Amino acid sequence: MPHTAETATAYVVTAVEAKGTATRHDFDIKSIVTTTHSLTESWDFHTVDPNMFWNIVATFLEH
(Lines give C-alpha, C1' and ligand atoms only; values in the text may rest on other atoms or scores of the structure.)
Protein backbone atom coordinates (compact mmCIF):
# COMPACT_ATOMS: atom_id res chain seq x y z
CA MET A 1 0.00 0.00 0.00
CA PRO A 2 1.43 3.40 -0.91
CA HIS A 3 1.98 5.89 1.85
CA THR A 4 0.00 9.11 1.43
CA ALA A 5 -1.18 12.04 3.49
CA GLU A 6 -4.28 10.00 4.27
CA THR A 7 -2.32 6.99 5.56
CA ALA A 8 -0.10 9.31 7.60
CA THR A 9 -3.19 10.94 9.11
CA ALA A 10 -4.65 7.55 9.97
CA TYR A 11 -1.34 6.59 11.61
CA VAL A 12 -1.37 9.72 13.79
CA VAL A 13 -5.00 9.26 14.85
CA THR A 14 -4.39 5.62 15.72
CA ALA A 15 -1.24 6.50 17.69
CA VAL A 16 -2.82 9.27 19.77
CA GLU A 17 -5.94 7.22 20.52
CA ALA A 18 -4.10 3.94 21.19
CA LYS A 19 -4.09 4.12 24.99
CA GLY A 20 -7.62 5.45 25.30
CA THR A 21 -6.59 8.51 27.30
CA ALA A 22 -6.89 10.99 24.42
CA THR A 23 -8.81 11.39 21.19
CA ARG A 24 -8.04 12.99 17.87
CA HIS A 25 -9.99 16.02 19.08
CA ASP A 26 -7.35 16.71 21.73
CA PHE A 27 -4.68 17.39 19.08
CA ASP A 28 -4.17 19.40 15.93
CA ILE A 29 -3.81 16.31 13.74
CA LYS A 30 -3.26 18.23 10.51
CA SER A 31 -0.33 20.12 12.03
CA ILE A 32 1.20 16.92 13.40
CA VAL A 33 1.00 15.33 9.94
CA THR A 34 2.34 18.41 8.18
CA THR A 35 5.25 18.90 10.58
CA THR A 36 6.24 15.24 10.64
CA HIS A 37 6.10 15.04 6.85
CA SER A 38 8.14 18.23 6.53
CA LEU A 39 10.86 16.93 8.85
CA THR A 40 11.03 13.40 7.43
CA GLU A 41 10.11 14.03 3.78
CA SER A 42 8.08 10.83 3.95
CA TRP A 43 4.47 9.81 4.43
CA ASP A 44 5.60 6.51 6.01
CA PHE A 45 5.36 7.51 9.65
CA HIS A 46 6.15 3.94 10.79
CA THR A 47 9.83 4.75 10.17
CA VAL A 48 9.84 7.98 12.20
CA ASP A 49 11.91 8.02 15.39
CA PRO A 50 9.37 7.53 18.20
CA ASN A 51 10.90 10.25 20.40
CA MET A 52 10.71 12.79 17.59
CA PHE A 53 7.15 11.75 16.75
CA TRP A 54 5.88 12.10 20.32
CA ASN A 55 7.65 15.45 20.74
CA ILE A 56 5.81 16.70 17.66
CA VAL A 57 2.51 15.31 18.99
CA ALA A 58 3.05 17.03 22.35
CA THR A 59 3.62 20.33 20.57
CA PHE A 60 0.16 20.17 19.06
CA LEU A 61 -1.85 19.23 22.12
CA GLU A 62 -4.86 21.52 22.12
CA HIS A 63 -5.85 23.01 25.46
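These numbers were taken from a predicted model, which means no experiment stands behind them. (Residues numbered from 1 in each chain as written. Predicted model: local features only at pLDDT ≥ 70, side-chain atom pairs only at ≥ 80, totals over all residues. Heavy atoms only, no water.)

Enquirer: What am I meant to see in the overall build of the protein here?
Expert: Tallying secondary structure elements over the protein gives three helices and zero strands in all. Starting at the N terminus and ending at the C terminus, the protein contains elements arranged as α-α-α. Its C-alpha atoms give the protein a radius of gyration of 11 Å, near enough to 11 Å, the size a compact globule of 63 residues would have. The dimensions of the protein, computed from C-alpha atoms along their principal axes, are 30 × 20 × 20 Å. Within the protein, the fraction of its 63 residues that count as buried is 27%. Within the protein, contacts between residues separated by at least 24 positions form 56% of all contacts whose residues are at least 6 apart in sequence. On the protein, roughly 4,300 Å² of surface is accessible, and the fraction owed to carbon and sulfur atoms is 56%. (Helix = DSSP H or I, 4+ residues; strand = E, 2+ residues; numbered from the N terminus. Rg over C-alpha atoms; globule rule 2.2 N^0.38 Å. Buried < 20%, exposed > 50% of the residue type's maximum accessible area, 1.4 Å probe, protein only. Contact = heavy atoms within 4.5 Å. Areas by Shrake-Rupley, 256 points an atom, 1.4 Å probe, with all protein chains shown as cover.)

Enquirer: Quick question: what am I supposed to make of the nonpolar core here?
Expert: One broad trend across soluble globular proteins is that nonpolar side chains are buried collectively. If you look at the biggest cluster of nonpolar residues, it comprises 15 residues, and the most contacted ones within it are Val 12, Phe 27, Ile 29, Ile 32 and Phe 53. Mapped by element, the contributors of at least two residues to this core are helix H1 (5-17), helix H2 (29-40) and helix H3 (50-59). Take this core: its biggest share by element is five residues, from H1. Beyond its immediate stretch of four places on either side in the chain, Phe 53 contacts Tyr 11, Val 12, Ala 15, Ile 32, Thr 36 and Val 48. (Core = buried A, V, L, I, M, F, W, Y, C linked by side-chain atoms within 4.5 Å.)

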